[in-house]
Amino acid sequence: MDIRIGFGVDVHQLVSDRKLFIGGKEITSELGALGHSDADVLLHAICDAMLGALNLRDIGFHFSDTDPQYKGIDSKVLLERTFQLIQEKGYEIGNMDCTVVAEKPKLNPHIKDMQSIISSILKCDTDQVSIKATTHEKVDSFGKSEAIKAYAVCLLKKKIEK
């Protein structure tokens, strides 16, 4: 197939005494995401979307949260390694559409930076990386700032040899 689509979702609990990384960027916040790595919910969802598009399982299969080599790892490294797997299969990014669900902090001021970071790693234009942010209207754990969630859909296309 020349095009493949994948879907990814990730959730992390929010706690004090952790930094908050979203889309490869550290964002000032009272709470940070809890996880084995830096817990970048957006990059993890993107990795899962890309892996899913090519039926390569999920981020936990490739980068186990029980493996000490990934303890505290920068999720940009995980995204780079995931993209290498995609390239090895002969694919490149068509586009992606992502949504982050967080009551706070407000993410809109950071979206252009996130797009730049992600597109640089994935060797695509920033307009191929759509990022949106929404709240959960103070409903459930996401609305009460106890957790953060991200969704990603990614279209991969077979790389045309020149």
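Please refer to the structure placed before this passage.
Here the structure is a predicted model, which means the values were calculated and not measured. (Residues numbered from 1 in each chain as written. Predicted model: local features only at pLDDT ≥ 70, side-chain atom pairs only at ≥ 80, totals over all residues. Heavy atoms only, no water.)

Undergrad: How should the environment of Lys132 be read in this particular structure?
TA: With respect to the helices and strands, the residue Lys132 is situated in strand β6 (residues 129–134). Judged by its relative accessible area of 34%, Lys132 falls in the partly exposed class. Taking C-alpha positions, Lys132 is 9.7 Å from Ala150, a pair spaced 18 residues apart along the chain. For Lys132, the residues in contact, after removing those within four places along its chain, are Asp97, Cys98, Thr99, Val100 and Ile111. For Lys132, the side chain forms a polar contact with the side chain of Thr99, separated by 3.3 Å. (Helix = DSSP H or I, 4+ residues; strand = E, 2+ residues; numbered from the N terminus. Buried < 20%, exposed > 50% of the residue type's maximum accessible area, 1.4 Å probe, protein only. Contact = heavy atoms within 4.5 Å. Polar contact = N/O pair within 3.5 Å; in protein donor to acceptor, adjacent residues only side chain to side chain.)

Undergrad: Where do I start with the packing of aromatic side chains in this structure?
TA: Two aromatic rings, taken as a pair, are described by how far apart their centres are and by the angle between their planes. The tally for this structure, following the rule as stated, stands at two aromatic pairs. Cation over ring: Lys149 sits above Phe142, and NZ or CZ is 4.2 Å from the ring centre. (Phe/Tyr/Trp six-rings, centres within 6.5 Å; stacked < 30°, edge-to-face > 60°. Lys NZ or Arg CZ within 6 Å of the ring centre and 35° of its normal.)

Undergrad: Would you mind going over the packing of helix α3 (residues 75–88) against helix α4 (residues 111–121) with me for this structure?
TA: Any two packed helices are characterised by the angle at which their axes cross and by the distance between the axes. Here α3 crosses α4 at 40°, and the two axes come no closer than 9 Å. Classed by the angle they form, the pair α3 and α4 counts as oblique. Across from Lys76, Leu79, Glu80 and Phe83 in α3, the residues of α4 making contact are Ile117, Ile118 and Ile121. Its residues assigned to classes, the contact of α3 with α4 comprises five nonpolar, no polar and two charged. (Axes fitted to C-alpha atoms, helices over the stretch in contact; angles between N-to-C directions. Parallel < 35°, antiparallel > 145°, perpendicular 65-115°, else oblique. Nonpolar A, V, L, I, M, F, W, Y, C, P; charged D, E, K, R; others polar.)

Undergrad: Can you help me understand the side chain of Ser37 in this one?
TA: Structurally, the position occupied by Ser37 is in the loop between β4 (32–33) and α1 (41–53). Within the structure, the side chain of Ser37 is placed 3.0 Å from the backbone nitrogen of Ala39, a separation counted as a polar contact. In this structure the side chain of Ser37 is engaged in a polar contact, spanning 3.3 Å, whose partner is the side chain of His44. The contacts of Ser37, once residues within four sequence positions are left out, are Arg18, His44, Tyr70, Gly72, Ile73, Ser75 and Leu78.

Undergrad: How should I be thinking about the sheet that holds strand β5 (residues 91–101) in this particular structure?
TA: Within a sheet, neighbouring strands are paired by backbone hydrogen bonds and run either parallel or antiparallel to one another. In space, the five strands of this open sheet follow the order β4-β1-β7-β5-β6, with mixed pairing throughout. At either end of the open sheet lies a strand with only one pairing partner, and these are β4 and β6. Sheet topology places β5 next to β6; six bridges connect them, and they run parallel. Of the residues in β6, the one forming a bridge with Val101 is Thr134. Across the sheet, α1 lies against β1 (3–15), β5, β6 and β7 (147–158), angled at about 150° from β1, the strand it touches most. Its contacts with the sheet put α4 on β5 and β6, and the angle it makes with β6 is roughly 145°. (Pairing = 2+ DSSP bridges.)

That is the geometry; function is a separate question.
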